[in-house]
Amino acid sequence: MKIVFATGNSGKLREASEILGGGFELVTPAQMGITDDVEETGLTLKANSIIKAEHIWKSCGCSCFADDTGLEVNALNGAPGVYSARYAGVGRDFGKNIDKVLSELAVLRAECSMAEAVGLKMNRYSRRARFRSVITLILDGKELFFEGTLEGSIAYYRSGNGGFGYDPVFMPDEYPGKTLADISEEEKNAISHRGKALRAMAAFLNSVA
Ligand code: IMP
């Protein structure tokens, strides 16, 4: 089945091709001649995935899907969340986004230590976090949604050369002490937020084919 994946992110495209397997031919917007970017103005991951998928549907009327992914850190009240791509500013600078998450957690840790030292009670400092992916699939004009999450925690420093985005600082519960950038792409795809959402979408598509 030929389907347009609304992404310009080569890491996401590679992962999705591997997860969906040979039964699906993934086409990029650029390959369909769609080169204009759409602004992700939604306030939720679902809203942004709808914006991206509808942009493709309106441009070519073909079966398509888009995902929007966010990193939610408990101690940061769910941030960066829907702002994960531009947390440190307008540019999609992964390095700076990671630096901002690490430095905010370091400040919180220092505040908690100081409060404890003087006997103040504060919420327990935690590095718990999760990735959440929402996919919007548009098939014959109908919209369907699929979601996947991956639980883990934020490392104190970067580790690993694989993956992309926040992978070097995200330690999934399934691999204690390792980040997503430390494990193989196959291992990441088997447990990841996007893997879960994509497999749910593939199961649906196979059931209606
Ligand atoms: P978007 O879904 O392309 O808007 O991605 C939001 C942000 O999350 C970007 O900074 C991505 O690099 C990052 N991101 C998305 N998926 C992943 C992932 O699987 N691992 C690490 N970072 C990711």
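None of the values given here were measured: they were computed from a predicted structure.

Where do I start with the pattern of salt bridges in this structure?
Side chains that carry opposite charge are capable of pairing whenever their charged atoms lie near each other. Using the criterion set out here, one finds 16 salt bridges in the structure. Lys52 is the partner of Glu40 in a salt bridge, and the nearest nitrogen-oxygen pair spans 3.6 Å. Of this pair, Glu40 sits in the loop between β2 (25-27) and α2 (45-60) while Lys52 sits in helix α2, placing them 12 residues apart in sequence. Residue classification places Glu40 among the buried residues on the basis of a relative accessible area of 19%. Across the pair Arg158 and Asp99 runs a salt bridge, and its minimum N-O distance is 3.0 Å.

Hey, could you run me through the packing of aromatic side chains in this one?
Between two aromatic rings, the relevant description is the distance of the centres plus the angle of the planes. This model, assessed by the stated rule, comprises three aromatic pairs. Arranged with centres 4.6 Å apart and planes meeting at 50°, the rings of Phe131 and Phe170 form a pair that is tilted. Taken together, the residues Phe131 in strand β4 (residues 128-139) and Phe170 in strand β6 (residues 170-172) connect sequence positions 39 residues apart. Relative accessible area serves as the criterion here: at 5%, Phe131 is assigned to the buried category.

So what exactly am I meant to see when it comes to the state of the cysteines here?
Taken as a whole and judged by the stated rule, the model has one disulfide. What pairs with Cys60 in a disulfide is Cys62, and their sulfur atoms sit 2.0 Å apart. Across the disulfide from Cys60 to Cys62, rotation about the S-S bond amounts to roughly -85°, and the bridge is consequently left-handed. By relative accessible area, which is 16% here, Cys62 ends up buried. Cys64 forms no disulfide, and the closest cysteine sulfur to it belongs to Cys62, at a distance of 6.2 Å.

Can you walk me through the site of the ligand in this structure?
Taken together, 17 residues surround the ligand, and among them Lys12, Asp167, Lys188, His193 and Arg194 come closest. Tyr166 is positioned with one of its backbone polar atoms (N or O) 3.0 Å from a nitrogen atom of the ligand. Asp167 has a polar side-chain atom sitting 2.6 Å from a nitrogen atom of the ligand. For the ligand, whose accessible area on its own is 480 Å², the fraction buried by protein is 97%. For the shell around the ligand, the secondary structure elements donating two or more residues are β3 (64-73) and α5 (193-208).

Mind showing me how you'd approach the nonpolar core here?
Soluble globular proteins: nonpolar side chains tend toward being buried together. Core analysis: the largest hydrophobic core is formed by 21 residues, its most contacted members being Leu71, Val73, Val101, Ile154 and Phe170. Of all the secondary-structure elements, those providing two or more residues to this core are β3, α3 (94-117), β4 and β5 (142-154). Here the element with the most residues in this core is α3; it accounts for five residues. With near-sequence residues (within four places) excluded, Val101 lies in contact with Val73, Leu76, Pro80, Tyr87, Ile154 and Tyr166.

Would you take a moment to explain the environment of Gly42 for this structure?
Note that Gly42 resides in the loop between β2 and α2. Residue Gly42 is classed as buried on the basis of its relative accessible area of 10%. The spacing of Gly42 and Val82 is 40 residues in sequence and 8.2 Å in space, taken between C-alpha atoms.

What am I meant to see in the side chain of His193 here?
Relative to the helices and strands, His193 resides in helix α5. When its relative accessible area of 2% is taken as the criterion, His193 is described as buried. Excluding its chain neighbours within four sequence positions, the residues that come into contact with His193 are Thr69, Phe131, Ser133, Gly148, Thr149, Leu150 and Lys188.

Calculation criteria
Residues numbered from 1 in each chain as written. Predicted model: local features only at pLDDT ≥ 70, side-chain atom pairs only at ≥ 80, totals over all residues. Heavy atoms only, no water. Salt bridge = Lys/Arg side-chain N within 4 Å of Asp/Glu carboxyl O. Helix = DSSP H or I, 4+ residues; strand = E, 2+ residues; numbered from the N terminus. Buried < 20%, exposed > 50% of the residue type's maximum accessible area, 1.4 Å probe, protein only. Phe/Tyr/Trp six-rings, centres within 6.5 Å; stacked < 30°, edge-to-face > 60°. Disulfide = S-S within 2.5 Å. Near = heavy atom within 4 Å. Polar contact = N/O pair within 3.5 Å; in protein donor to acceptor, adjacent residues only side chain to side chain. Areas by Shrake-Rupley, 256 points an atom, 1.4 Å probe, with all protein chains shown as cover. Core = buried A, V, L, I, M, F, W, Y, C linked by side-chain atoms within 4.5 Å. Contact = heavy atoms within 4.5 Å.

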